[in-house]
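Chain and residue survey
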Amino acid sequence: MTNERYKDITVGILALQGSVIEHEQALARIGVRSVQVRKREQLENIDGLILPGGESTTLGKLLGLFGIMEPLRERIRAGLPVFGTCAGLILLAEEIEGEQPHIGVMQMRVRRNAYGRQIDSFSVRERVAEFSPQPMELVFIRAPWIERVYGEARALAELNGHIVAARQNNMLVTSFHPELTDNGCVHAYFADMAVAWKQTDKNK
Ligand code: GLN
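Below: a short report on this structure.

Analysis parameters
Residues numbered from 1 in each chain as written. Predicted model: local features only at pLDDT ≥ 70, side-chain atom pairs only at ≥ 80, totals over all residues. Heavy atoms only, no water. Helix = DSSP H or I, 4+ residues; strand = E, 2+ residues; numbered from the N terminus. Rg over C-alpha atoms; globule rule 2.2 N^0.38 Å. Buried < 20%, exposed > 50% of the residue type's maximum accessible area, 1.4 Å probe, protein only. Contact = heavy atoms within 4.5 Å. Arc of directions from axis to C-beta. Near = heavy atom within 4 Å. Polar contact = N/O pair within 3.5 Å; in protein donor to acceptor, adjacent residues only side chain to side chain. Areas by Shrake-Rupley, 256 points an atom, 1.4 Å probe, with all protein chains shown as cover. Nonpolar A, V, L, I, M, F, W, Y, C, P; charged D, E, K, R; others polar. Core = buried A, V, L, I, M, F, W, Y, C linked by side-chain atoms within 4.5 Å. Salt bridge = Lys/Arg side-chain N within 4 Å of Asp/Glu carboxyl O. Phe/Tyr/Trp six-rings, centres within 6.5 Å; stacked < 30°, edge-to-face > 60°.

Once that is clear, we can look at the overall build of the protein. When helices and strands are counted, the protein shows 5 helices and 12 strands. Expected size for 204 residues packed as a compact globule is a radius of gyration near 17 Å; at 16 Å, the protein falls within 12% of this value. In terms of overall dimensions, the protein has a C-alpha envelope of 45 × 40 × 30 Å along the principal axes. Going through the 204 residues of the protein one by one, you find that 54% of them count as buried. Relative to all contacts within the protein whose residues are 6 or more apart in sequence, the contacts with residues 24 or more apart total 65%.

So this is what it looks like as structure tokens:
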């Protein structure tokens, strides 16, 4: 059922590869309508877009093949709220260690698979004040970390001295996977960004 607060918004989920269903379910749990996005035309009818985890090299290639890369870049620059988790975070970064095709709009430098093989998947409980006053479970799966943010980007969460969540205006990224836990606070935070944009966007 749609939450009254979110009744006017539809959040797209880029559905070329990766953990699409998990984001659909996470949005449904907090009462946000979602739609899978595979075509450039679909970018016009959404109020926010989630770039899911998966394999960023594959996702980057598919964005080019499906003709979505450039229109998506333009929509983000025009203010479309985007939320990148894990591989989605990598795609948004201006700088990736080791070049690969990507969207490249957010002022940060990232390191892929930064946690290496030893602990390439793990979960921790941490408090991230921006999202919730309560500690929450952060799930990392072959995750990147953010080496540094610059310009207008700011860090929202750090783990052992490395940035694992950040925001730059309409762009939100986490190197962990909030869609894999029952705690909907990060998706609600993003849905609120979409609501705010919908209200201020005069073109709609
Ligand atoms: N290791 C993947 C990459 O570099 C990201 C992993 C994920 O999205 N869970 O693209």
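Turning our attention to helix α1 (residues 20–29). Residues Val20, His23, Ala26 and Leu27 constitute the buried set of α1. The buried residues of α1 occupy an angular sector of 125 degrees when projected down its axis, which confines them to one face. Looking at the buried side of α1, the elements it contacts are β1 (10–14), β2 (33–37), β3 (48–51), β4 (82–85) and α5 (185–200). Downstream of α1 by a residue or two, Gly31 has a phi angle that is positive, lying close to 80 degrees.

The full set of residues close to the ligand is Gly53, Gly54, Glu55, Ser56, Cys86, Ala87, Ile90, Arg112, Asn113, Ile141, Arg142 and His177. Separating an oxygen atom of the ligand from a backbone N or O atom of Gly54 is a distance of 2.9 Å. Here an oxygen atom of the ligand and a backbone polar atom of Ala87 are 3.1 Å apart. Alone, the ligand offers 300 Å² of accessible surface; in the complex the protein occludes 95% of this. Residues belonging to the shell around the ligand are distributed by class as follows: 4 nonpolar, 5 polar and 3 charged.

It is worth spelling out the nonpolar core at this point. The biggest cluster of nonpolar side chains holds 38 residues, and the ones touching the most others in it are Phe131, Phe140 and Leu172. Counting residues per element, the ones that place at least two in this core are β1, α1, β8 (135–141), β10 (154–159), β11 (162–168) and α5. Broken down by element, this core gets its largest block of residues, 9 residues, from α5. Excluding its chain neighbours within four sequence positions, the residues that come into contact with Phe140 are Tyr115, Asp120, Ser121, Phe122, Val124, Leu159, Val164, Ser175 and Phe176.

Here we come to the side chain of Thr174. Mapped onto the fold, Thr174 is located in strand β12 (residues 171–174). Those residues in contact with Thr174 that lie beyond four places of it in its chain are Phe83, Gly84, Thr85, Cys86, Leu89, Phe131, Val164, Ala165 and Val186.

A few words now on the pattern of salt bridges. This structure, assessed with the given rule, holds 12 salt bridges. Of the charged contacts, one joins Glu55 and Arg112 as a salt bridge, the two residues approaching to 2.7 Å between their closest N and O atoms. Placement of the pair is Glu55 in the loop between β3 and α2 (56–65) and Arg112 in the loop between β6 (106–111) and β7 (121–127), with a sequence separation of 57 residues. Accessibility expressed as a relative area gives 22% for Arg112, which makes it partly exposed. A network of salt bridges, in which partner residues are shared, links Glu95, Glu97, Arg109, Arg111, Glu147 and Arg148.

Moving on: the packing of aromatic side chains. Taken as a whole, this structure holds 7 aromatic pairs when the rule is applied. Plain terms: the ring middles of Phe83 and Phe190 are 5.5 Å apart, the flat faces sit at 45 degrees to each other, and that makes the pair tilted. In this pair, Phe83 sits in strand β4 while Phe190 sits in helix α5, placing the two residues 107 residues apart along the sequence. Across the pair, Phe190 and Phe83 agree in class, each one buried. Residues Phe140 and Phe176 carry aromatic rings whose centres are separated by 5.9 Å and whose planes lie at 65 degrees to one another, so their mutual orientation is edge-to-face.

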